[in-house]
Amino acid sequence: MNNHNHCISLFTGNLYPSKELFLKLENAFLTANIHDIIEVVSLKENIEIELRGWTKLKGHLYLGRENLGAQFSYKIQKISKNNFESSPSWGKELKGIETSNPKLKDLNLSHEILAKAPNSNGLLTRGMITQEGTPSYDFALSHKELVWSEPVSVLYEEGKNLQWNATTDIAWNEIPKLNPIIEKAICQIMTYLVENEFSALYIPGKFISQINPYYMEIPLFLSSLMNDEARHIEVFTKRAHAFGAGFQYSSEVTQRSLYSLFKEDDYIKSSFLLHVMGEGTFVDLLSFLEKHMPDDATRKIIKLAKRDEMRHVSYGLEHVKSAIAQNPNRINSLKATAYKRKEFMDEVSGESSLLLEALAILAGGSDAPNDYKKGFDLVEELKETMNTNRVKRLIDIGMDEELANDISKVHTPNFM
(Lines give C-alpha, C1' and ligand atoms only; values in the text may rest on other atoms or scores of the structure.)
Protein backbone atom coordinates (compact mmCIF):
# COMPACT_ATOMS: atom_id res chain seq x y z
CA MET A 1 0.00 0.00 0.00
CA ASN A 2 2.77 2.48 0.93
CA ASN A 3 6.38 2.90 -0.13
CA HIS A 4 9.01 3.08 2.62
CA ASN A 5 9.18 6.57 4.22
CA HIS A 6 6.01 7.66 2.48
CA CYS A 7 4.32 10.27 4.63
CA ILE A 8 0.77 9.32 5.55
CA SER A 9 -1.12 12.36 6.77
CA LEU A 10 -3.82 12.12 9.43
CA PHE A 11 -5.91 15.25 9.87
CA THR A 12 -7.08 15.23 13.48
CA GLY A 13 -8.43 18.77 13.79
CA ASN A 14 -9.24 19.74 17.38
CA LEU A 15 -9.00 16.20 18.77
CA TYR A 16 -7.26 16.12 22.13
CA PRO A 17 -4.95 13.23 23.05
CA SER A 18 -7.78 10.79 23.68
CA LYS A 19 -9.12 7.33 22.84
CA GLU A 20 -10.42 8.70 19.54
CA LEU A 21 -7.07 10.15 18.51
CA PHE A 22 -5.03 7.13 19.56
CA LEU A 23 -7.47 4.79 17.80
CA LYS A 24 -6.75 6.61 14.53
CA LEU A 25 -3.02 6.39 15.21
CA GLU A 26 -3.23 2.72 16.14
CA ASN A 27 -4.95 1.80 12.87
CA ALA A 28 -2.68 3.97 10.76
CA PHE A 29 0.41 2.26 12.16
CA LEU A 30 -1.27 -1.15 12.06
CA THR A 31 -1.69 -1.05 8.28
CA ALA A 32 1.49 0.93 7.46
CA ASN A 33 4.73 -0.68 6.33
CA ILE A 34 7.87 -0.64 8.43
CA HIS A 35 9.77 2.67 8.17
CA ASP A 36 6.70 4.51 6.86
CA ILE A 37 6.30 8.01 8.29
CA ILE A 38 2.91 9.01 9.66
CA GLU A 39 2.18 12.71 9.94
CA VAL A 40 -0.41 13.93 12.44
CA VAL A 41 -1.77 17.29 11.28
CA SER A 42 -3.51 18.94 14.20
CA LEU A 43 -4.89 22.30 15.27
CA LYS A 44 -3.43 21.56 18.70
CA GLU A 45 0.10 22.81 19.38
CA ASN A 46 0.46 21.23 22.81
CA ILE A 47 0.00 17.49 22.21
CA GLU A 48 3.68 16.67 21.68
CA ILE A 49 4.22 15.17 25.15
CA GLU A 50 1.34 12.71 24.72
CA LEU A 51 2.45 11.78 21.18
CA ARG A 52 6.02 11.18 22.36
CA GLY A 53 4.74 8.94 25.14
CA TRP A 54 2.49 6.91 22.80
CA THR A 55 5.33 6.59 20.27
CA LYS A 56 7.76 5.27 22.89
CA LEU A 57 5.16 2.85 24.24
CA LYS A 58 4.55 1.41 20.77
CA GLY A 59 8.24 1.17 19.86
CA HIS A 60 8.22 3.74 17.06
CA LEU A 61 10.41 6.82 16.46
CA TYR A 62 9.19 10.35 17.13
CA LEU A 63 10.65 12.72 14.50
CA GLY A 64 9.49 16.08 15.79
CA ARG A 65 7.00 18.91 15.31
CA GLU A 66 6.70 21.51 12.56
CA ASN A 67 4.62 24.68 12.62
CA LEU A 68 2.38 24.95 9.57
CA GLY A 69 0.87 28.26 10.53
CA ALA A 70 -2.68 27.54 11.66
CA GLN A 71 -1.86 23.83 12.05
CA PHE A 72 0.93 21.71 13.47
CA SER A 73 2.65 18.68 11.94
CA TYR A 74 3.84 15.86 14.22
CA LYS A 75 5.79 13.11 12.44
CA ILE A 76 6.34 9.56 13.68
CA GLN A 77 8.18 6.73 11.90
CA LYS A 78 7.01 3.14 12.18
CA ILE A 79 9.86 1.03 13.53
CA SER A 80 8.08 -2.13 14.64
CA LYS A 81 7.60 -5.01 12.20
CA ASN A 82 4.63 -5.18 9.85
CA ASN A 83 1.41 -6.52 11.29
CA PHE A 84 -0.02 -7.81 8.02
CA GLU A 85 1.48 -10.11 5.42
CA SER A 86 0.75 -7.83 2.48
CA SER A 87 -1.27 -4.82 1.50
CA PRO A 88 -4.54 -4.63 -0.41
CA SER A 89 -4.55 -3.57 -4.02
CA TRP A 90 -7.00 -0.70 -4.15
CA GLY A 91 -9.41 -0.63 -7.03
CA LYS A 92 -9.16 -4.32 -7.94
CA GLU A 93 -12.37 -5.34 -9.62
CA LEU A 94 -14.39 -7.91 -7.73
CA LYS A 95 -16.27 -10.25 -10.02
CA GLY A 96 -18.77 -12.26 -8.20
CA ILE A 97 -20.78 -11.66 -5.12
CA GLU A 98 -23.95 -10.01 -6.37
CA THR A 99 -24.23 -6.28 -5.68
CA SER A 100 -25.94 -3.48 -7.49
CA ASN A 101 -23.01 -3.36 -9.89
CA PRO A 102 -24.15 -5.07 -13.12
CA LYS A 103 -20.58 -6.19 -13.75
CA LEU A 104 -20.65 -8.50 -10.74
CA LYS A 105 -22.29 -11.50 -12.34
CA ASP A 106 -20.47 -14.53 -11.03
CA LEU A 107 -18.64 -15.63 -7.94
CA ASN A 108 -15.07 -15.50 -9.13
CA LEU A 109 -12.64 -13.16 -7.42
CA SER A 110 -10.23 -11.52 -9.82
CA HIS A 111 -7.23 -12.39 -7.64
CA GLU A 112 -5.14 -15.23 -9.02
CA ILE A 113 -6.21 -18.49 -7.44
CA LEU A 114 -3.15 -20.18 -5.98
CA ALA A 115 -2.59 -23.93 -6.24
CA LYS A 116 -2.23 -24.01 -2.45
CA ALA A 117 -3.96 -21.72 -0.01
CA PRO A 118 -1.61 -19.59 2.14
CA ASN A 119 -0.74 -21.27 5.44
CA SER A 120 -2.08 -18.28 7.34
CA ASN A 121 -5.50 -18.46 5.72
CA GLY A 122 -8.15 -18.75 8.41
CA LEU A 123 -11.87 -18.14 8.08
CA LEU A 124 -11.27 -15.66 5.29
CA THR A 125 -10.82 -15.76 1.55
CA ARG A 126 -8.80 -14.32 -1.30
CA GLY A 127 -8.07 -10.62 -1.11
CA MET A 128 -8.25 -10.37 2.69
CA ILE A 129 -5.04 -9.44 4.49
CA THR A 130 -4.13 -11.49 7.54
CA GLN A 131 -2.62 -10.01 10.66
CA GLU A 132 0.33 -11.70 12.32
CA GLY A 133 -0.79 -13.98 15.11
CA THR A 134 -3.89 -15.19 13.27
CA PRO A 135 -4.62 -18.82 14.35
CA SER A 136 -3.78 -21.59 11.90
CA TYR A 137 -6.85 -23.67 11.11
CA ASP A 138 -4.90 -26.33 9.22
CA PHE A 139 -7.71 -27.09 6.77
CA ALA A 140 -7.29 -30.59 5.35
CA LEU A 141 -8.41 -29.49 1.87
CA SER A 142 -6.10 -26.57 1.14
CA HIS A 143 -4.99 -27.47 -2.40
CA LYS A 144 -6.93 -26.32 -5.43
CA GLU A 145 -6.70 -29.64 -7.24
CA LEU A 146 -8.45 -31.39 -4.34
CA VAL A 147 -11.62 -29.29 -4.49
CA TRP A 148 -11.85 -27.17 -7.61
CA SER A 149 -14.41 -27.43 -10.38
CA GLU A 150 -14.13 -24.81 -13.09
CA PRO A 151 -17.84 -24.10 -13.64
CA VAL A 152 -18.57 -23.81 -9.90
CA SER A 153 -19.34 -20.08 -10.04
CA VAL A 154 -21.83 -20.58 -12.88
CA LEU A 155 -23.43 -23.51 -11.06
CA TYR A 156 -23.70 -21.49 -7.86
CA GLU A 157 -25.46 -18.65 -9.68
CA GLU A 158 -27.74 -21.15 -11.42
CA GLY A 159 -28.61 -22.69 -8.07
CA LYS A 160 -29.62 -19.30 -6.69
CA ASN A 161 -31.73 -18.47 -9.71
CA LEU A 162 -33.55 -21.81 -9.78
CA GLN A 163 -34.57 -22.11 -6.14
CA TRP A 164 -38.05 -23.46 -5.53
CA ASN A 165 -40.29 -23.98 -2.52
CA ALA A 166 -41.52 -27.43 -1.59
CA THR A 167 -44.62 -25.96 0.03
CA THR A 168 -45.78 -23.29 -2.39
CA ASP A 169 -44.47 -24.44 -5.78
CA ILE A 170 -46.24 -27.80 -5.78
CA ALA A 171 -50.00 -28.05 -6.34
CA TRP A 172 -50.53 -30.45 -3.45
CA ASN A 173 -54.31 -30.17 -3.70
CA GLU A 174 -54.17 -31.39 -7.30
CA ILE A 175 -52.61 -34.77 -6.49
CA PRO A 176 -55.38 -37.26 -7.23
CA LYS A 177 -56.41 -40.10 -4.97
CA LEU A 178 -54.80 -43.03 -6.74
CA ASN A 179 -55.40 -46.74 -6.71
CA PRO A 180 -53.99 -47.96 -3.34
CA ILE A 181 -51.57 -50.28 -5.12
CA ILE A 182 -50.07 -47.40 -7.13
CA GLU A 183 -50.05 -45.08 -4.10
CA LYS A 184 -48.24 -47.67 -2.01
CA ALA A 185 -45.65 -48.14 -4.79
CA ILE A 186 -45.10 -44.37 -4.94
CA CYS A 187 -44.69 -44.22 -1.16
CA GLN A 188 -42.11 -47.04 -1.31
CA ILE A 189 -40.22 -45.08 -3.98
CA MET A 190 -40.45 -41.87 -1.92
CA THR A 191 -39.05 -43.76 1.07
CA TYR A 192 -36.07 -44.81 -1.03
CA LEU A 193 -35.59 -41.29 -2.40
CA VAL A 194 -35.55 -39.75 1.07
CA GLU A 195 -32.92 -42.25 2.26
CA ASN A 196 -30.66 -41.42 -0.64
CA GLU A 197 -31.20 -37.69 -0.30
CA PHE A 198 -30.08 -37.83 3.32
CA SER A 199 -26.86 -39.37 2.04
CA ALA A 200 -26.44 -36.56 -0.49
CA LEU A 201 -27.14 -34.01 2.28
CA TYR A 202 -24.81 -35.38 4.94
CA ILE A 203 -21.80 -36.30 2.84
CA PRO A 204 -20.98 -32.75 1.59
CA GLY A 205 -21.60 -31.61 5.17
CA LYS A 206 -18.70 -33.83 6.27
CA PHE A 207 -16.30 -32.00 4.02
CA ILE A 208 -17.35 -28.33 4.07
CA SER A 209 -15.44 -27.55 7.27
CA GLN A 210 -12.32 -29.21 5.82
CA ILE A 211 -12.25 -26.98 2.72
CA ASN A 212 -10.05 -23.92 3.00
CA PRO A 213 -12.31 -20.87 2.51
CA TYR A 214 -9.57 -19.41 0.34
CA TYR A 215 -11.44 -21.43 -2.32
CA MET A 216 -14.69 -19.77 -1.25
CA GLU A 217 -16.74 -20.79 -4.27
CA ILE A 218 -16.63 -24.46 -3.25
CA PRO A 219 -18.12 -24.27 0.28
CA LEU A 220 -20.69 -21.75 -0.96
CA PHE A 221 -21.73 -24.07 -3.79
CA LEU A 222 -21.82 -27.11 -1.49
CA SER A 223 -24.00 -25.15 0.91
CA SER A 224 -26.45 -24.47 -1.91
CA LEU A 225 -26.26 -28.15 -2.86
CA MET A 226 -27.15 -29.11 0.70
CA ASN A 227 -30.09 -26.72 0.60
CA ASP A 228 -31.26 -28.52 -2.54
CA GLU A 229 -31.04 -31.90 -0.82
CA ALA A 230 -32.89 -30.65 2.24
CA ARG A 231 -35.69 -29.44 -0.02
CA HIS A 232 -35.79 -32.81 -1.78
CA ILE A 233 -36.10 -34.61 1.56
CA GLU A 234 -38.96 -32.28 2.47
CA VAL A 235 -40.85 -32.64 -0.79
CA PHE A 236 -40.47 -36.44 -1.04
CA THR A 237 -41.59 -36.76 2.59
CA LYS A 238 -44.68 -34.63 1.93
CA ARG A 239 -45.53 -36.70 -1.14
CA ALA A 240 -45.22 -39.95 0.83
CA HIS A 241 -47.67 -38.63 3.40
CA ALA A 242 -50.06 -36.92 0.96
CA PHE A 243 -52.76 -39.55 1.47
CA GLY A 244 -51.75 -41.07 4.76
CA ALA A 245 -49.83 -44.08 3.48
CA GLY A 246 -46.53 -42.57 4.61
CA PHE A 247 -43.08 -44.07 4.52
CA GLN A 248 -42.64 -47.74 3.68
CA TYR A 249 -39.62 -50.04 4.02
CA SER A 250 -35.87 -49.40 4.08
CA SER A 251 -33.80 -52.27 2.71
CA GLU A 252 -30.46 -53.50 3.98
CA VAL A 253 -28.89 -53.13 0.55
CA THR A 254 -29.88 -49.47 0.41
CA GLN A 255 -28.52 -48.71 3.86
CA ARG A 256 -25.29 -50.60 3.26
CA SER A 257 -24.78 -48.74 0.02
CA LEU A 258 -25.33 -45.38 1.68
CA TYR A 259 -23.10 -46.36 4.58
CA SER A 260 -20.27 -47.17 2.17
CA LEU A 261 -20.67 -43.68 0.71
CA PHE A 262 -20.81 -41.99 4.08
CA LYS A 263 -17.65 -43.65 5.40
CA GLU A 264 -15.46 -42.44 2.52
CA ASP A 265 -13.11 -39.80 3.96
CA ASP A 266 -11.21 -38.80 0.80
CA TYR A 267 -12.95 -35.84 -0.84
CA ILE A 268 -12.08 -36.70 -4.44
CA LYS A 269 -13.10 -40.33 -3.98
CA SER A 270 -16.29 -39.21 -2.28
CA SER A 271 -17.06 -36.80 -5.12
CA PHE A 272 -16.48 -39.63 -7.58
CA LEU A 273 -18.75 -42.08 -5.77
CA LEU A 274 -21.48 -39.58 -4.87
CA HIS A 275 -21.72 -37.17 -7.79
CA VAL A 276 -20.29 -39.07 -10.77
CA MET A 277 -21.47 -42.58 -10.01
CA GLY A 278 -24.36 -42.14 -7.58
CA GLU A 279 -26.17 -38.91 -8.41
CA GLY A 280 -25.50 -39.41 -12.11
CA THR A 281 -27.38 -42.71 -11.90
CA PHE A 282 -29.97 -41.05 -9.65
CA VAL A 283 -30.72 -38.56 -12.44
CA ASP A 284 -31.56 -41.48 -14.75
CA LEU A 285 -33.89 -42.87 -12.09
CA LEU A 286 -35.61 -39.50 -11.72
CA SER A 287 -36.09 -39.30 -15.49
CA PHE A 288 -37.76 -42.72 -15.33
CA LEU A 289 -40.01 -41.60 -12.48
CA GLU A 290 -40.91 -38.35 -14.20
CA LYS A 291 -42.01 -40.30 -17.25
CA HIS A 292 -44.17 -42.79 -15.35
CA MET A 293 -45.69 -40.78 -12.51
CA PRO A 294 -49.49 -40.72 -13.01
CA ASP A 295 -50.15 -37.07 -12.06
CA ASP A 296 -48.76 -33.66 -13.00
CA ALA A 297 -48.04 -32.49 -9.46
CA THR A 298 -45.86 -35.48 -8.60
CA ARG A 299 -44.17 -35.25 -11.98
CA LYS A 300 -43.31 -31.63 -11.18
CA ILE A 301 -41.74 -32.71 -7.89
CA ILE A 302 -39.52 -35.16 -9.74
CA LYS A 303 -38.71 -32.70 -12.53
CA LEU A 304 -37.58 -29.95 -10.13
CA ALA A 305 -35.51 -32.36 -8.06
CA LYS A 306 -33.86 -33.73 -11.22
CA ARG A 307 -32.92 -30.21 -12.32
CA ASP A 308 -31.10 -29.71 -9.02
CA GLU A 309 -29.39 -33.09 -9.20
CA MET A 310 -28.05 -32.41 -12.68
CA ARG A 311 -26.29 -29.35 -11.28
CA HIS A 312 -24.68 -31.47 -8.58
CA VAL A 313 -23.50 -34.00 -11.14
CA SER A 314 -21.99 -31.22 -13.24
CA TYR A 315 -19.89 -30.07 -10.29
CA GLY A 316 -18.71 -33.60 -9.54
CA LEU A 317 -17.82 -34.39 -13.14
CA GLU A 318 -15.65 -31.31 -13.53
CA HIS A 319 -14.14 -31.72 -10.07
CA VAL A 320 -13.03 -35.31 -10.64
CA LYS A 321 -12.07 -34.64 -14.26
CA SER A 322 -9.82 -31.77 -13.16
CA ALA A 323 -8.26 -33.85 -10.39
CA ILE A 324 -7.47 -36.68 -12.84
CA ALA A 325 -6.06 -34.26 -15.42
CA GLN A 326 -3.60 -32.98 -12.82
CA ASN A 327 -2.71 -36.45 -11.57
CA PRO A 328 -3.63 -39.34 -13.95
CA ASN A 329 -2.62 -41.86 -11.30
CA ARG A 330 -5.82 -41.00 -9.50
CA ILE A 331 -7.66 -43.23 -11.98
CA ASN A 332 -6.15 -46.29 -10.28
CA SER A 333 -7.17 -44.95 -6.90
CA LEU A 334 -10.75 -44.39 -8.04
CA LYS A 335 -10.87 -47.86 -9.57
CA ALA A 336 -9.72 -49.35 -6.27
CA THR A 337 -12.36 -47.34 -4.43
CA ALA A 338 -15.14 -48.62 -6.68
CA TYR A 339 -14.03 -52.24 -6.26
CA LYS A 340 -13.63 -51.84 -2.50
CA ARG A 341 -17.20 -50.62 -2.32
CA LYS A 342 -18.33 -53.60 -4.38
CA GLU A 343 -16.64 -55.99 -1.94
CA PHE A 344 -18.51 -54.35 0.91
CA MET A 345 -21.79 -54.59 -0.99
CA ASP A 346 -21.16 -58.25 -1.91
CA GLU A 347 -21.71 -59.12 1.75
CA VAL A 348 -25.42 -58.66 1.13
CA SER A 349 -26.98 -60.37 -1.86
CA GLY A 350 -29.29 -58.99 -4.46
CA GLU A 351 -31.09 -55.73 -4.99
CA SER A 352 -33.78 -53.88 -3.10
CA SER A 353 -36.64 -56.14 -4.16
CA LEU A 354 -39.31 -53.89 -2.66
CA LEU A 355 -38.01 -50.92 -4.63
CA LEU A 356 -37.81 -52.88 -7.89
CA GLU A 357 -41.37 -54.13 -7.49
CA ALA A 358 -42.60 -50.63 -6.73
CA LEU A 359 -40.86 -49.30 -9.84
CA ALA A 360 -42.34 -52.10 -11.95
CA ILE A 361 -45.86 -51.44 -10.64
CA LEU A 362 -45.49 -47.70 -11.27
CA ALA A 363 -44.15 -48.16 -14.80
CA GLY A 364 -46.68 -50.88 -15.68
CA GLY A 365 -49.63 -49.01 -14.20
CA SER A 366 -50.83 -51.81 -11.91
CA ASP A 367 -49.81 -55.07 -10.26
CA ALA A 368 -51.82 -57.17 -12.71
CA PRO A 369 -49.53 -59.85 -14.19
CA ASN A 370 -49.28 -58.41 -17.70
CA ASP A 371 -48.85 -54.84 -16.46
CA TYR A 372 -46.35 -55.96 -13.87
CA LYS A 373 -44.33 -57.84 -16.52
CA LYS A 374 -44.36 -54.77 -18.76
CA GLY A 375 -43.22 -52.58 -15.89
CA PHE A 376 -40.49 -55.03 -14.90
CA ASP A 377 -39.12 -55.00 -18.45
CA LEU A 378 -39.05 -51.20 -18.36
CA VAL A 379 -37.06 -51.31 -15.12
CA GLU A 380 -34.56 -53.65 -16.76
CA GLU A 381 -34.25 -51.18 -19.62
CA LEU A 382 -33.66 -48.44 -17.02
CA LYS A 383 -30.74 -50.40 -15.60
CA GLU A 384 -29.19 -50.63 -19.05
CA THR A 385 -29.67 -46.89 -19.55
CA MET A 386 -28.03 -46.25 -16.19
CA ASN A 387 -25.05 -48.38 -17.17
CA THR A 388 -24.68 -46.71 -20.57
CA ASN A 389 -24.74 -43.23 -19.08
CA ARG A 390 -22.33 -44.17 -16.27
CA VAL A 391 -19.85 -45.37 -18.86
CA LYS A 392 -20.18 -42.07 -20.73
CA ARG A 393 -19.50 -40.10 -17.54
CA LEU A 394 -16.49 -42.23 -16.67
CA ILE A 395 -15.03 -41.74 -20.14
CA ASP A 396 -15.72 -38.02 -19.83
CA ILE A 397 -13.64 -37.72 -16.65
CA GLY A 398 -10.67 -39.41 -18.30
CA MET A 399 -11.02 -43.20 -18.17
CA ASP A 400 -10.64 -45.45 -21.18
CA GLU A 401 -13.74 -47.28 -22.39
CA GLU A 402 -12.74 -50.72 -21.12
CA LEU A 403 -12.07 -49.50 -17.61
CA ALA A 404 -15.23 -47.37 -17.68
CA ASN A 405 -17.29 -50.45 -18.53
CA ASP A 406 -15.65 -52.48 -15.77
CA ILE A 407 -16.23 -49.84 -13.11
CA SER A 408 -19.79 -49.17 -14.20
CA LYS A 409 -20.69 -52.85 -13.89
CA VAL A 410 -19.53 -52.99 -10.26
CA HIS A 411 -21.70 -50.04 -9.23
CA THR A 412 -23.98 -50.72 -6.30
CA PRO A 413 -27.36 -52.37 -7.06
CA ASN A 414 -28.82 -49.57 -4.93
CA PHE A 415 -28.30 -47.30 -7.98
CA MET A 416 -26.96 -44.52 -5.74
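Preceding this paragraph is the structure being described.
Residues numbered from 1 in each chain as written. Predicted model: local features only at pLDDT ≥ 70, side-chain atom pairs only at ≥ 80, totals over all residues. Heavy atoms only, no water.

### Describing the packing of aromatic side chains
Argument step 1. Counted according to the given criterion, the structure contains 10 aromatic pairs.
Argument step 2. Each residue in the set F22, F29 and W54 is aromatic and connected to the rest through ring pairs, giving one cluster.
Argument step 3. We note K206 situated over the ring of F262; from NZ or CZ to the ring centre the distance is 5.1 Å.
Argument step 4. One cation-aromatic arrangement involves R256 over F344; the distance from NZ or CZ to the ring centre is 4.2 Å. (Phe/Tyr/Trp six-rings, centres within 6.5 Å; stacked < 30°, edge-to-face > 60°. Lys NZ or Arg CZ within 6 Å of the ring centre and 35° of its normal.)

### Section: the sheet that holds strand β1 (residues 7–13)
Argument step 1. Overall, mixed pairing links the four strands, which are arranged β1-β2-β4-β3 in an open sheet. Looking at the sheet topology across the chains shown, the edges are occupied by β1 and β3 (61–67). Direction aside, neighbouring strands of the sheet carry axes that sit 20° apart on average.
Argument step 2. Relative to strand β4 (residues 72–77), strand β2 (residues 37–42) runs antiparallel, the two sharing six bridges. Directly across from S42, in β4, lies its bridge partner F72.
Argument step 3. The sheet strands contacting helix α1 (residues 19–31) are β1, β2 and β4, and the helix crosses β1 at an angle near 165°.
Argument step 4. Contacts between helix α2 (residues 48–58) and the sheet are confined to β3 and β4, with β3 contributing the most and set at about 160° to the helix. (Pairing = 2+ DSSP bridges. Helix = DSSP H or I, 4+ residues; strand = E, 2+ residues; numbered from the N terminus. Axes fitted to C-alpha atoms, helices over the stretch in contact; angles between N-to-C directions. Contact = heavy atoms within 4.5 Å.)

### A closer look at the environment of E195
Argument step 1. Note that E195 resides in helix α5 (residues 180–208).
Argument step 2. Taking relative accessible area as the criterion, E195 reaches 11% and is therefore assigned buried.
Argument step 3. Measuring from C-alpha to C-alpha, the distance between E195 and I208 comes to 21 Å, with 13 residues separating the pair along the chain.
Argument step 4. When residues no more than four places from it in sequence are discounted, the contact partners of E195 are Y249, S250, T254, Q255 and L258. (Buried < 20%, exposed > 50% of the residue type's maximum accessible area, 1.4 Å probe, protein only.)

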